[in-house]
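So you can see what is in the structure, the chains are spelled out below.
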Amino acid sequence: MSTASAGERTGQQHLAHVVFIAGAAAVGGFLFGYDSSNINGAVLGIQRHFDVGEGVTGLTVSSALIGSAVGAWFGGVLSRRVGRIRTMQLAAVLFFVSAIGAMFPFAVWDLAIWRVVGGVAIGVASVIGPAYIAEVAPPAYRGRLASLQQLAIVLGIGMSALVNWVIKDSSPIGADGTHDINGTLGGIEAWQWMLGAAAVPAIVYFVLASVIPESPHYLVSIGKIDKARAVLAQVEGDAAEAKLADIRRELRSERRPAVRDIIGGRFGLLPIVWIGIALAAFQQFVGINVIFYYSDTLWHSVGQNTDSLLISMVSPTINILGTFIAIAFIDRIGRKPLLLIGSFGMAVGLGVAAVAFGNAVTVDGSLHLPGAWGPVALVFANVFVLSFALSWGVILWVLLGEMFPLRIREAALAVGTAANWIANWLVTVSFPSMGTWNLGVTYWIYAGFAVLSIPFVLRFIKETKGTAIEDVR
């Protein structure tokens, strides 16, 4: 009995160590969420400070996503050459530099450049986090541990909303009797503090990335077998030697992955790569980041003016709740069923929100949702957020880390992640103009993509629950 108890305690210690390692790596996801969404509270301040319209605003907000696509594309190559840990450290440095630069811009194009730098860091973090966690996590826990990346992302989104609200609440009162984010705090405007606050988690990320072990897959690939064995002993326990043998066998049998390895088939790329690209694109084409990048201006624009930034905090909170639901069920009921549940919920939420926004009326030159349509839009926009969070928000990053064969995984993951950022950019840059043109129709378009995602999942997505990544074919 005592031996069994000791074995259980040892297993718990290994699991606790893996959770710590995965959690530390997922701090990059926290910055991913924080740095990509902290612009939300600053949008109105940027527009007023630089006197720019919707087109320039869309380009400035979306500029980070251009950098994200670049970072996602090269993140896998970089991690293979210098290791997962050094890649995380580089991302942390870029996050810090971007935050300080964006805090002190002298023109709107200068701000956009610093957003691009931060975007590169986001792209790198979006690739390296899921890949690293997939490589250190035991198959039985991989779904939940990989979900830590998405949990960190939504916590970052939520924390940015909270910090932005605190900063706005501390800003001077303007002529209209509300807090003015263009008011001065400590010598600079409040919206500048919103962007600069990302420097703090960047420092934390660098420190944590410096204390977790290197990926055993990378260590084996560069011939450091003893170090790989030591890492595996910490995370796999008695299964360490078998896992090491699997990694060595797989790496011996395969060439180093390159972009040319994913080329093939009738349409230029391997079918599994196209599936990954489509999966990544669907996640963005439902318009989720409109909520997280523009919700302050969105609710302000349709007459919800009591405190649009405070209202915007509801969605990140629901996003966090949905992510916990996904973590609880992803290794129980699987990836595919959760995707289908989420697609249905998103279609309903977006469809009703589209009807509500379609009933907006113009009052004194501004949109307004009359009667109950304002609360209806708010409720069903958050039904959409909850449905996304418990499904596509988590599962995309889990699947991209485990759906590709090892021989193409790094290259395919880079392509899929880059596709996600390009799709994100298309939605983000187009929303200010599309929303001004017809907000209801814009949301019907997003709802259409949610509906189309259902047959896509049924036809093309394979269940990977409980499958070792070395066994994916």
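Residues numbered from 1 in each chain as written. Predicted model: local features only at pLDDT ≥ 70, side-chain atom pairs only at ≥ 80, totals over all residues. Heavy atoms only, no water.

Regarding the nonpolar core
Then, in step 1: If you look at the biggest cluster of nonpolar residues, it comprises 115 residues, and the most contacted ones within it are F95, Y132, Y205, L279, W392 and Y443.
Then, in step 2: Ignoring sequence-local partners within four residues, the contact set of Y132 consists of I21, A25, R84, I85, M88, I212, P213, E214 and S215.
Then, in step 3: Grouped together as the second largest cluster of nonpolar side chains are 17 residues, A102, W191, M194 and L195 included. (Core = buried A, V, L, I, M, F, W, Y, C linked by side-chain atoms within 4.5 Å. Buried < 20%, exposed > 50% of the residue type's maximum accessible area, 1.4 Å probe, protein only. Contact = heavy atoms within 4.5 Å.)

Quick look at the packing of aromatic side chains
Then, in step 1: If you walk through the whole model with that rule in mind, you get 12 aromatic pairs.
Then, in step 2: Aromatic ring contacts, followed pair by pair, group F282, F285, W392, F449, F456 and F460 into a single cluster. (Phe/Tyr/Trp six-rings, centres within 6.5 Å; stacked < 30°, edge-to-face > 60°.)

Some thoughts on empty space enclosed by the protein
Then, in step 1: Evaluated as defined, the whole model comprises four cavities of 30 Å³ or more.
Then, in step 2: In this structure, the largest cavity spans a volume of roughly 170 Å³.
Then, in step 3: Along the wall of the largest cavity there are 19 residues; nearest its centre are F32, I153, I157, Q284 and N289.
Then, in step 4: Those elements that place two or more of their residues in the lining of the largest cavity are helix 2 (27–37), helix 7 (142–170), helix 13 (271–285), helix 14 (288–301) and helix 20 (409–460).
Then, in step 5: Partitioning the lining of the largest cavity into residue classes produces nine nonpolar, 10 polar and no charged. (1 Å grid on protein atoms, 1.4 Å probe; cavity = no way out; pocket = protein on both sides within 12 Å on 5 of 7 lines; lining within 4 Å. Points joined across faces, edges and corners; volume = space filled by probe spheres on them. Helix = DSSP H or I, 4+ residues; strand = E, 2+ residues; numbered from the N terminus. Nonpolar A, V, L, I, M, F, W, Y, C, P; charged D, E, K, R; others polar.)

Some remarks on the pattern of salt bridges
Oppositely charged side chains may form a pair once their charged atoms are brought near each other.
Then, in step 1: Taken as a whole and assessed by the stated rule, the structure comprises six salt bridges.
Then, in step 2: The partner of R48 in a salt bridge is D180, with the nearest N and O atoms 3.9 Å apart. Taken together, the residues R48 in helix 3 (residues 39–50) and D180 in the loop between helix 7 and strand 1 (184–185) connect sequence positions 132 residues apart.
Then, in step 3: Residue class for D180 comes out partly exposed when judged on its relative accessible area of 26%.
Then, in step 4: Its salt-bridge partner being R229, residue E241 comes within 2.6 Å of it at the nearest N-O pair. Taken as a pair, E241 in helix 12 (residues 240–253) and R229 in helix 11 (residues 225–236) lie far apart in primary sequence, 12 residues in all.
Then, in step 5: Judged by relative accessible area, which is 29%, R229 ranks as partly exposed.
Then, in step 6: Because the salt bridges share partners, they merge into one network encompassing D226, R229 and E241. (Salt bridge = Lys/Arg side-chain N within 4 Å of Asp/Glu carboxyl O.)

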